[in-house]
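The primary structure of each chain is shown beneath.
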Amino acid sequence: MHQEIDLDKIDINTEPPIEEPARQYYYMAKCREWVREFERKNGRRPTAFTQTFGCQMNARDSEKLQGILEQAGFEEAGDEKADFVLYNTCTVRENANQRVYGRLGYLNTLKKKNPHMLIALCGCMMQEPEVVDKIRKSYRFVDIIFGTHNIFKLAELMDRRLEERKMVVDIWRDTEQIVEELPAQRKFPFKSGVNIMFGCNNFCSYCIVPYVRGRERSRKPEDIIAEIKQLARDGVVEVMLLGQNVNSYGKNLETPVTFAGLLRQVEEIEGIERIRFMTSHPKDLSEELIQVMAGSKKICRHLHLPVQSGSSRILKAMNRRYTKEQYLDLVDRIRAAVPDISLTTDIIVGFPGETEEDFLETMDVVEKVGFDSAFTFIYSRRTGTPAASMEDQVPEEVVKERFDRLLARVQELSARVCARDLHTTQKVLVESLDDHLEGYVTGRLGNNTVVHFPGDASLIGTIVPVYLEESKGFYYMGTAAGV
Ligand code: 5AD
Ligand code: SF4
């Protein structure tokens, strides 16, 4: 949700306000002046391109960044041949970092052709001091570097760069601050992510997120509800509540609220038809949440419940704070209360010290649970995390062989599980025209499975009953059913 503020009414010749978000609206107005000047000189508006790496949190952050750029008057560009290029980076695994460095080389060649081009980097990777050092030394053509805690400051940092004419670096180590009511440009008119909390306190021993996203902070329920009501008024029918660990939502608020309690309030909002959330840490998933899900008409029958490993010994070394048996027991309790639920997960292969036996425990969990899908990752050593200095790092070839075995089995099982709704009629939220088949549209079931069926653009954003004719493993082909 953002304030309806007329930027042209802001006097940019006075001192900037101290308080937020007024300060950022002031800088958006200043950037807009710069945009107009650019337009007068060049006969066109400057263009901006944002590339997002990583998770849903980053995707939502990028919508906020694009909202600021839109307010400032930039025109959206389809690729990096733009006047302003912003990379919102991820660092959860090393290959995410490598991709960014690779792309920076390309940006350098573009900037040589367009010397006025501005390049900005933000997000998780920028919270690592070694990364910022490297960019300062070897990628001197970058103009603005900021992190995860101050994305709301984009306009202010851009203004500083334009005034100072040298690289601007602004990284905060952590923050208590949550700036509300800034603009956001949503990718879809009918569905939206909603941050309910930021940061993570779990310190799983392999994970860099707590270091780059800071300590856990929950937004106040009234702010979240107000935002969702506004989204509903704007035509949004599906919300995805976002947090690294939504199950510990609200614990640190002045008046504590449980995640299940928040869901009950979201359920009441008229116009919202589907509620999703991510991610759930198994150790914090409460009986109350299971009951709320079981009784809800709007909460999607889907839980993303990362298991990471099936070996209790490895789970302990990962600092996950549950055992294999506790995880399986949790799955049983969820399935008893919500029989049609689909479960998805994340699994890491090759954590330090993982033996063949440990790996077989993971395979066993995969067999027993029957996940709808599993995101499988090769363990990536992240500097500064406890696991990075553990002995017994598993040799690459061993990890690769286990990874391939796991992936093959996960795919076999999920093709079977995903077909469970075959020959039934289910509600589909239509998201887009089909990329491959003319005259078809693509949408999702409540459990997130993709469905393609004949239809046209008028269906986008609506929920349609569809008969699921054919299962193709990970998706269905169907036909609209006149129920
Ligand atoms: N190596 C491999 N995978 C990781 N993840 C987090 N950190 C690492 C790492 N160091 C995975 C976890 C998490 C998902 C978002 O990324 O499975 O759930
Ligand atoms: Fe990383 Fe664990 Fe926090 Fe998830 S819960 S972000 S895996 S530390």
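A brief report on the enclosed structure follows.

Calculation criteria
- Residues numbered from 1 in each chain as written.
- Chains lettered and ligands numbered in written order.
- Predicted model: local features only at pLDDT ≥ 70, side-chain atom pairs only at ≥ 80, totals over all residues.
- Heavy atoms only, no water.
- Helix = DSSP H or I, 4+ residues; strand = E, 2+ residues; numbered from the N terminus.
- Rg over C-alpha atoms; globule rule 2.2 N^0.38 Å.
- Buried < 20%, exposed > 50% of the residue type's maximum accessible area, 1.4 Å probe, protein only.
- Contact = heavy atoms within 4.5 Å.
- Areas by Shrake-Rupley, 256 points an atom, 1.4 Å probe, with all protein chains shown as cover.
- Lys, Arg positive; Asp, Glu negative; His and termini not counted.
- Charge placed at Lys NZ, Arg CZ, Asp CG, Glu CD.
- Phe/Tyr/Trp six-rings, centres within 6.5 Å; stacked < 30°, edge-to-face > 60°.
- Polar contact = N/O pair within 3.5 Å; in protein donor to acceptor, adjacent residues only side chain to side chain.
- Near = heavy atom within 4 Å.
- Nonpolar A, V, L, I, M, F, W, Y, C, P; charged D, E, K, R; others polar.
- Pairing = 2+ DSSP bridges.
- Axes fitted to C-alpha atoms, helices over the stretch in contact; angles between N-to-C directions.
- 1 Å grid on protein atoms, 1.4 Å probe; cavity = no way out; pocket = protein on both sides within 12 Å on 5 of 7 lines; lining within 4 Å.
- Points joined across faces, edges and corners; volume = space filled by probe spheres on them.
- Parallel < 35°, antiparallel > 145°, perpendicular 65-115°, else oblique.
- Left-handed = near helix turned anticlockwise from the far one by under 90°.

Turning next to the overall build of the chain. Helix and strand content of the chain: 13 helices and 19 strands. Over its C-alpha trace the chain gives a radius of gyration of 23 Å, about what one expects of a compact globule, namely 23 Å for 483 residues. Taken along its principal axes, the extent of the C-alpha atoms in the chain is 65 × 60 × 50 Å. Burial status across the chain gives 55% buried among its 483 residues. Restricting the contact set of the chain to residue pairs at least 6 apart, pairs at least 24 apart contribute 73%. Of the roughly 21900 Å² of accessible surface on the chain, 50% is carried by carbon and sulfur atoms. Each charge class in the chain can be summarised by its mean position, and for the 65 positive and 74 negative side chains these summaries are 3 Å apart.

What follows is about the packing of aromatic side chains. One pass over the full model with this rule turns up 14 aromatic pairs. The interplanar angle of 45 degrees and the centroid separation of 5.7 Å between the aromatic rings of Trp34 and Phe38 together place this pair among those described as tilted. Placement of the pair is Trp34 and Phe38 together in helix α1 (residues 22-42), with a separation of four residues, close to one helical turn. The class for Phe38 is buried, based on a relative accessible area of 13%. Aromatic rings pair up to connect Trp34, Phe38, Phe74 and Phe84 into one cluster.

As a further point, take the side chain of Lys191. The topology assignment puts Lys191 in strand β7 (residues 191-195). For Lys191, a relative accessible area of 18% puts it in the buried group. Here Glu431 takes part through its side chain, which lies 2.9 Å from a polar atom of the side chain of Lys191. Not counting the four nearest positions on each side in its chain, Lys191 is found in contact with Val236, Glu238, Glu431 and Arg444.

Taken together, Cys200, Asn202, Phe203, Cys204, Tyr206, Cys207, Val209, Pro210, Gln244, His281 and Arg320 form the complete shell of residues around ligand 2. Classifying every residue of the shell around ligand 2 gives seven nonpolar, three polar and one charged.

The full set of residues close to ligand 1 is Val92, Arg93, Tyr206, Gln308, Asp346, Ile348, Phe377, Ile378, Tyr379, Ser380 and Arg382. Asp346 places a polar side-chain atom, nitrogen or oxygen, 2.6 Å from an oxygen atom of ligand 1. Coverage of ligand 1 by the protein amounts to 85% of the 400 Å² it exposes when considered alone. Elements represented by at least two residues in the shell around ligand 1 include exactly β13 (342-349) and β14 (373-378). In terms of residue class, the shell around ligand 1 is built from six nonpolar, two polar and three charged.

What follows deals with the sheet that holds strand β2 (residues 75-76). Within a sheet, adjacent strands bond to each other through the backbone by hydrogen bonds, running parallel or antiparallel. Strand order in the open sheet formed by six strands is β2-β1-β3-β4-β5-β6, and the pairing between neighbours is parallel. In the strand order of this sheet, the two ends are held by β2 and β6 (168-170), each with one partner. Bridging between strand β5 (residues 144-146) and β6 involves three bridges; their strand directions are parallel. Residue pairing for β6: Ile144 is matched across the bridge by Val168. Along the sheet, helix α3 (residues 94-113) makes contact with β1 (47-52), β3 (84-89) and β4 (118-123), crossing β3 at roughly 175 degrees.

What follows concerns the layout of surface pockets. Put simply, the second largest pocket is a space of about 580 Å³. As for the second largest pocket, its lining consists of 23 residues, and the residues nearest its centre are Trp34, Phe38, His116, Leu162 and Arg165. Within the residue set of the lining of the second largest pocket, elements represented by two or more residues are α1 and α5 (154-164). Class assignment for the residues of the lining of the second largest pocket results in eight nonpolar, three polar and 12 charged.

The contact between helix α9 (residues 287-295) and helix α11 (residues 324-337) brings their axes to 9 Å, and the two run at 30 degrees. Taken together, the axes of α9 and α11 are roughly parallel relative to one another. Between α9 and α11 lies a crossing of right-handed hand. Across the interface between the two elements, Glu287, Ile290 and Ala294 of α9 pack against Leu330, Arg333, Ile334 and Ala337 of α11.

Per the stated rule, a full pass over the model turns up two cavities of 30 Å³ or more. Every residue along the wall of the largest cavity is listed here: Met240, Ile275, Arg276, Phe277, Met278, Ile299, Cys300 and His302. Of the residues forming the lining of the largest cavity, the biggest block, four residues, is contributed by strand β11 (residues 274-278). Along the lines of polarity and charge, the residues of the lining of the largest cavity split into six nonpolar, one polar and one charged. In this structure, the second largest cavity spans a volume of roughly 40 Å³. Lining the second largest cavity, in full, are Val366, Gly370, Phe371, Ser373, Ala374, Val410, Leu413 and Ser414. Listing elements by their share of the lining of the second largest cavity, those giving two or more residues are β14 and α13 (396-418).

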